[in-house]
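An overview of the molecular structure
Each chain, letter by letter, is given below.
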Amino acid sequence: MDRITAKRRDIEAQLERDQKEVSSLKASLDRTKQLTDNMVGILDSFENRLQKLDDTIRPVHKETVHLTRLQENVGKAMKALDRVIELYHVASSVEAHIREGLEWLQ
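This structure is a prediction, so every number in the text was calculated from the model and none was measured.

1. Overview of the overall build of the protein chain
In terms of helices and strands, the protein chain carries one helix and zero strands. By the compact-globule yardstick of 13 Å for 106 residues, the protein chain is too spread out, its C-alpha radius of gyration being 44 Å. When its C-alpha atoms are laid out on the principal axes, the protein chain stretches across 150 × 30 × 10 Å. Across the 106 residues that make up the protein chain, the buried fraction comes to 0%. Surface accessibility of the protein chain: about 10400 Å² in total, with carbon and sulfur atoms responsible for 60%.

2. Points about a nonpolar patch on the surface
Nonpolar side chains collect at one region of the surface, where Phe46, Leu50, Leu53 and Ile57 lie side by side and expose about 380 Å² of accessible area between them. Within the element layout of this structure, Phe46 appears in helix H1 (residues 2–105). A relative accessible area of 49% places Phe46 in the partly exposed class.

Parameters at a glance
Residues numbered from 1 in each chain as written. Predicted model: local features only at pLDDT ≥ 70, side-chain atom pairs only at ≥ 80, totals over all residues. Heavy atoms only, no water. Helix = DSSP H or I, 4+ residues; strand = E, 2+ residues; numbered from the N terminus. Rg over C-alpha atoms; globule rule 2.2 N^0.38 Å. Buried < 20%, exposed > 50% of the residue type's maximum accessible area, 1.4 Å probe, protein only. Areas by Shrake-Rupley, 256 points an atom, 1.4 Å probe, with all protein chains shown as cover. Patch = residues over 30% accessible without salt bridge, like charges linked within 9 Å, V, L, I, M, F, W, Y side chains within 5 Å. Salt bridge = Lys/Arg side-chain N within 4 Å of Asp/Glu carboxyl O.

So, in structure tokens, the structure goes:
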């Protein structure tokens with residue numbers, strides 16, 4: 001009978017340890033669920049803020065692209081005008097020589 005009583009005490013002790021471990025695991029699970037819920041809330045908030053930022057930045061980006069294209073076009077036009085002006089200066093500097101040559105032919 002002593003062996004049965006001892007065995008019973010061992011089983012009850014093991015059961016009590018297992019119950020404490022299960023209780024600890026449940027507490028850890030609850031804490032993990034709470035942390036997960038908090039993290040989901042933070043990520044949702046972050047996603048909403050990113051969406052608002054995107055909504056704000058997108059029109060600015062489009063306008064910047066448009067202005068950059070305009071700036072490039074103005075730069076190209078100015079380069080073309082510079083070439084025309086260079087040709088005008090060449091024409092005016094050689095005009096006297098051309099007139100002299102024409103007078104010589106006459």
